[in-house]
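# Understanding the architecture of this molecule
Listed below are the residues making up each chain.
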Amino acid sequence: MHELGRLEDLPESYRADLTARNLVPLWPSLRAVLPPGKPTSRTQPISWSYADIRPLLLKAGELTPMEKAERRVLVLANPGHGLEKMQASSTIYLGMQLLLPGEWAPSHRHTPNAVRMIVEGKGAYTTVEGEKCPMERGDLILTPTGLWHEHGHDGNEPVVWLDVLDLPIVYYMEASYVTPGERQPITSAGSDRAYQRGGVMPTPMFTRSANAFPMLRYPWADVKATLQGLATTATEAVQVSYVNPETGLDALKILGFSALMLRPGQTLNLPARSTAMVFHEIEGSASVSAADQSFSLKEADTCCIPGYTPITLSNLSADQPAFIFIADDAPLQKKLGVYEVRS
Ligand code: 1HN
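What comes next concerns the included structure. (Residues numbered from 1 in each chain as written. Predicted model: local features only at pLDDT ≥ 70, side-chain atom pairs only at ≥ 80, totals over all residues. Heavy atoms only, no water.)

## Some remarks on the sheet that holds strand E19 (residues 293-297)
- Taken in spatial order, the 4 strands of this open sheet run E15-E21-E18-E19, and their pairing is antiparallel. The open sheet is flanked by strand E15 (267-270) and E19, the only strands paired with a single partner. Looking at each pair of strands side by side, their axes are set apart by 15° on average, direction ignored.
- Summarising the sheet, strand E18 (residues 286-290) and E19 pair through 5 bridges and their orientation is antiparallel. Of the residues in E19, the one forming a bridge with Ala-290 is Gln-293. (Pairing = 2+ DSSP bridges. Helix = DSSP H or I, 4+ residues; strand = E, 2+ residues; numbered from the N terminus. Axes fitted to C-alpha atoms, helices over the stretch in contact; angles between N-to-C directions.)

Here is the structure:
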């Protein structure tokens, strides 16, 4: 591809005439917005250690009462995007949230979709649209776009979870806003129990649920048991996706979520895909390697790898399995027709 004309090649008076009319010549910037072969990525490979986050988050619990925080969160920000942008990748927001015993994070609903992966503690719950979802380590709880949600804590130890939101892309679309609400009455039983077994679903009076988000809590005990069952088969990649159990489609429309088990000592090579990916260690320890970067993840550590990059995952233990939670924006990319796998 030959070089195109630069801005400096144009007479200054011509450039001034353009600027005065809010016009811009395309050719000096064409290669930047349309690079050959592969996109340029602001997203940097980066990892966040829970050992670093935890004391700072507990300190935030001392420094900032709930009334002054609403949501007490330290955001995992990718420096490639600028820390103030609060982005892990172009589309993904990550934050570690702390709720102390007796605290309550008030009800609201908003346009961005959120999920929570519980990291530590017992006794907290999220109420989503009237359904009380207990928070236990490794559970995934959805708070989809437009649904009321609030967090409470009846236990006696700090509870911490990882929030994953599509906030950056919804904000970029100028579609991000919140509506504050009142404390919700509990109106429905656990959807996790109703959809406990694959292959069967509730059909009261022969009717399937028309709810776009029928299952709000994916208990870790069930997901882990499914992975361990799958690990006894010949499949190389032991991986499950979090889906809408009524349709089999992705649980949310913008971000996608899966859980992967690495057998003891296993190494798995993932082909380059067009999506940036977030890896969060649920149990065990694993390395995540891409290009010349390698991160060792211990329990509750998190990392992000830009898209279009082959990735190697290795279990760092020879006798224990490793369980990894993965988030990406494949559902959005597939809907938009830009999703690619390069083998
Ligand atoms: C939010 O609503 C929560 O409900 C957590 O716990 C983090 C970050 C940005 C915007 C909304 C929550 C959030 C958030």
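Next comes the rest of the account.
## Some points on the layout of surface pockets
- Taken as a whole, the largest pocket encloses approximately 1200 Å³ of empty space.
- In this structure, the largest pocket is lined by 34 residues; those nearest its centre are His-81, Gln-87, Ser-90, Thr-91 and Ile-169.
- Secondary-structure elements contributing two or more residues to the lining of the largest pocket are helix H2 (30-33), helix H4 (167-172) and helix H7 (330-336).
- It is H4 that contributes the most residues to the lining of the largest pocket, 5 residues altogether.
- Residues belonging to the lining of the largest pocket are distributed by class as follows: 17 nonpolar, 12 polar and 5 charged.
- In terms of lining residues, the second largest pocket is bounded by 20 residues, among which Tyr-195, Gln-196, Gly-198, Met-215 and Thr-226 are the most central.
- Elements represented by at least two residues in the lining of the second largest pocket include exactly helix H6 (220-231) and strand E13 (238-241).
- With 4 residues, the single largest contributor to the lining of the second largest pocket is H6.
- Considered class by class, the residues forming the lining of the second largest pocket number 12 nonpolar, 5 polar and 3 charged. (1 Å grid on protein atoms, 1.4 Å probe; cavity = no way out; pocket = protein on both sides within 12 Å on 5 of 7 lines; lining within 4 Å. Points joined across faces, edges and corners; volume = space filled by probe spheres on them. Nonpolar A, V, L, I, M, F, W, Y, C, P; charged D, E, K, R; others polar.)

## Here we look at the side chain of Ser-191
- Residue position: Ser-191 is located in helix H5 (residues 191-194).
- A polar contact is formed between the side chain of Ser-191 and the backbone nitrogen of Leu-216, at a distance of 3.0 Å.
- With near-sequence residues (within four places) excluded, Ser-191 lies in contact with Glu-131, Pro-214, Met-215, Leu-216 and Arg-217. (Polar contact = N/O pair within 3.5 Å; in protein donor to acceptor, adjacent residues only side chain to side chain. Contact = heavy atoms within 4.5 Å.)

## Notes on helix H3 (residues 50-63)
- With 14 residues, H3 should reach 20 Å at 1.5 Å per residue; the first-to-last C-alpha distance of 19 Å fits that figure.
- Those residues of H3 not exposed but buried are Tyr-50, Ile-53, Leu-57, Ala-60 and Gly-61. One side of H3 holds all its buried residues, which, seen down the axis, span an arc of 105°. Turned more than 90 degrees from where H3 packs its buried face, Ala-51, Asp-52, Leu-56, Glu-62 and Leu-63 sit exposed.
- Buried-residue contacts for H3 involve strand E1 (46-48), strand E2 (73-75), strand E3 (93-99), strand E5 (114-120) and strand E10 (159-165).
- Between the side-chain oxygen at the start of H3 and the backbone nitrogen of Ala-51 there is a gap of 3.3 Å, and the oxygen is on Ser-49. (Expected span 1.5 Å × (residues − 1). Buried < 20%, exposed > 50% of the residue type's maximum accessible area, 1.4 Å probe, protein only. Arc of directions from axis to C-beta.)

In short, the description is geometric, and any link to function would need to be established separately.
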